[in-house]
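Structural description and commentary
Read off the chains here:
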Amino acid sequence: MALRHALAIAVAVIGFGAAGCSSGGSNDASRLQFPVGAGNCETYCRVWVPPTYRDVAKVVQCKPGRCERKVVCTQKVEFDEVCKPGCYEPKRSPCHCQKEEVLVQCSPGSDRWVPTTCGCSCQDCFRHERIPPSYKLCDKTVTDKGVEYCAFREPEYDVVPRVKQVKECVDVYKPAQFAVKWEKELFQCGRWEWQKCNNPAPVPCCDTPGGYSVRKGFGSAPSRD
């Protein structure tokens, strides 16, 4: 009688624990790996821990690099040879001036009669006088005029730059465009874990040496009667 009562209690405890701790997955006890080092009468629940993700920045290419043909206007410098033709030019030799002193007559010679007195008793007496011409030295400039003639001027050659606008087709490379994209990356996979239950359901605990629970207040097993 006592043996049957103890076996009934043990079966009830095992069924209650299996029903309360299952939270997912298979409940086949033969396939489960129970936690190692569990204490006596400790309750563990097998729970599913979902996977965790983290944000990771990745550089992605938005547009690839490419070459585009473009028409541009450029300045091109060319050098041309120019010639100034020769020609005849009128020229004149310089004039030469020379100074010299010359004797110049200031006044010509003249004759005059001047009144005079003589030993006669007549009143009208005149004396004849000849006045010579007067001269002085003057500076005289003598100018020799230059000679006019025609001279041939040689042609002149020169190289001058000439700038002109030229349209050219060039290949312009446009680099690729990139952007930063945030993506979810798997940090830790989902898994089944055993977690200790801090508030388990009250169940009889196996404290007796024989492995059966004993109700408080009883010191021994009941009799067969």
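Residues numbered from 1 in each chain as written. Predicted model: local features only at pLDDT ≥ 70, side-chain atom pairs only at ≥ 80, totals over all residues. Heavy atoms only, no water.

Once that is clear, we can look at the overall build of the protein chain. In terms of regular secondary structure, the protein chain is built from one helix and 12 strands. Seen in sequence order, the protein chain has helices and strands lined up from the N terminus as α-β-β-β-β-β-β-β-β-β-β-β-β. Each of the 225 residues in the protein chain was classed as buried or not, and the buried ones make up 6%. In the protein chain, of all internal contacts separated by at least 6 residues, the share reaching a separation of at least 24 is 86%. Just so you have it, the protein chain exposes about 19300 Å², and 55% of that area is on carbon and sulfur atoms. (Helix = DSSP H or I, 4+ residues; strand = E, 2+ residues; numbered from the N terminus. Buried < 20%, exposed > 50% of the residue type's maximum accessible area, 1.4 Å probe, protein only. Contact = heavy atoms within 4.5 Å. Areas by Shrake-Rupley, 256 points an atom, 1.4 Å probe, with all protein chains shown as cover.)

Scanning the model with the defined rule gives 16 salt bridges in all. In this structure, the salt-bridge partner of Glu156 is Arg153, at a minimum N-O distance of 3.6 Å. The partly exposed category is assigned to Glu156, whose relative accessible area is 44%. In this structure, the salt-bridge partner of Arg191 is Glu193, at a minimum N-O distance of 2.7 Å. The class for Arg191 is partly exposed, based on a relative accessible area of 26%. On the basis of relative accessible area, Glu193 is assigned to the partly exposed category, the value being 27%. Taken together, the shared-partner salt bridges in this structure form one network comprising Glu78, Asp80, Arg162 and Lys164. (Salt bridge = Lys/Arg side-chain N within 4 Å of Asp/Glu carboxyl O.)

Moving on to the environment of Arg127. Summarising the element assignment, Arg127 is placed in strand β7 (residues 126–131). Distance in space between the C-alpha atoms of Arg127 and Thr117 is 8.9 Å, their sequence separation being 10 residues.

This part covers the packing of aromatic side chains. Taken as a whole and judged by the stated rule, the model has three aromatic pairs. Positioned above the aromatic ring of Trp192, the side-chain terminus of Arg46 is 4.4 Å from the ring centre. (Phe/Tyr/Trp six-rings, centres within 6.5 Å; stacked < 30°, edge-to-face > 60°. Lys NZ or Arg CZ within 6 Å of the ring centre and 35° of its normal.)

This part covers the confidence of the model for the protein chain. Taken as a whole, the protein chain shows an average pLDDT of 77; of its residues, 76% reach a score of 70 or greater. Low pLDDT, under 50, characterises residues 1–26; the predicted model gives this stretch 24 contacts beyond four residues in sequence or across chains. (pLDDT = per-residue confidence, 0-100.)

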